[in-house]
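# Observations on the model geometry
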Amino acid sequence: MDVKVFKMLTGEEVIGELTKFEGEMLFIKHPLGLAINHEEGRLVFVPYMPYTSAPEEIVVPVTSLLIEPLVPIESIAEDYKNTIQKIFQKVFIPERSIIRPVK
């Protein structure tokens with residue numbers, strides 16, 4: 001599974017499986033939005049455009065990206081892999097917190 005993080009020109013961050021790069025198009029399977037729950041200081045995965053068919057796969061032109069797709073840190077990739085089956089119907093908060101409060 002080739003899990004990548006995509007930074008869109010709109011500012012959105014999306015994590016998903018890069019299945020194909022054809023011409024100028026990226027095919028991203030099981031895309032999830034990345035967000036921060038500021039109250040708890042935790043990263044959350046949310047369905048990407050849950051009111052559409054996007055949860056299965058999206059096709060993104062490379063011109064829609066701010067930077068090239070990046071490899072997520074290991075713990076985030078592992079959380080993504082462990083939750084893609086259950087994430088599509090609700091918000092999932094990983095058990096592990098990657099954000100530490102500044103003291």
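See the structure printed just above.
In short, a report on the structure.

Cut-offs used in this document
Residues numbered from 1 in each chain as written. Predicted model: local features only at pLDDT ≥ 70, side-chain atom pairs only at ≥ 80, totals over all residues. Heavy atoms only, no water. Salt bridge = Lys/Arg side-chain N within 4 Å of Asp/Glu carboxyl O. Buried < 20%, exposed > 50% of the residue type's maximum accessible area, 1.4 Å probe, protein only. Helix = DSSP H or I, 4+ residues; strand = E, 2+ residues; numbered from the N terminus. Pairing = 2+ DSSP bridges. Phe/Tyr/Trp six-rings, centres within 6.5 Å; stacked < 30°, edge-to-face > 60°. Lys NZ or Arg CZ within 6 Å of the ring centre and 35° of its normal. 1 Å grid on protein atoms, 1.4 Å probe; cavity = no way out; pocket = protein on both sides within 12 Å on 5 of 7 lines; lining within 4 Å. Points joined across faces, edges and corners; volume = space filled by probe spheres on them. Nonpolar A, V, L, I, M, F, W, Y, C, P; charged D, E, K, R; others polar.

## Describing the pattern of salt bridges
Counted under the stated rule, the structure contains 3 salt bridges. A salt bridge links K4 to D2; its shortest N-O distance comes to 3.7 Å. Classification of K4 by relative accessible area gives buried; the value is 16%. Given a relative accessible area of 35%, D2 falls into the partly exposed group. Measuring nitrogen to oxygen at the nearest pair gives 3.7 Å for the salt bridge that ties K20 to E22. Judged by relative accessible area, which is 45%, E22 ranks as partly exposed.

## Regarding the pairing of strand β5 (residues 57-61)
Side-chain alternation along β5 places I58 and V60 on a buried face and E57, V59 and P61 on a face that remains uncovered. Relative to β5, strand β3 (residues 25-37) is paired through 5 bridges, and the arrangement is antiparallel. Across the sheet, the residue bridging to F27 is V59, located in β5.

## Some details on the packing of aromatic side chains
Overall, the coordinates contain 1 aromatic pair when judged by the stated rule. The ring centre of F27 lies 4.4 Å from the NZ or CZ of K20, which sits over that ring.

## A closer look at the layout of surface pockets
A volume near 190 Å³ is recorded for the largest pocket. The wall of the largest pocket is formed by 13 residues, among which V5, E13, L34, L70 and P72 lie closest to the centre. Looking at which element gives the most residues to the lining of the largest pocket, the answer is strand β1 (residues 3-7), with 3 residues. Residues that form the lining of the largest pocket fall into these classes: 10 nonpolar, no polar and 3 charged.

## Thoughts on unusual backbone geometry
Not every positive phi belongs to a glycine, and H30 is a case in point at roughly 50 degrees. With respect to the helices and strands, the residue H30 is situated in strand β3. Among the residues examined, H30 registers a relative accessible area of 12% and is labelled buried.

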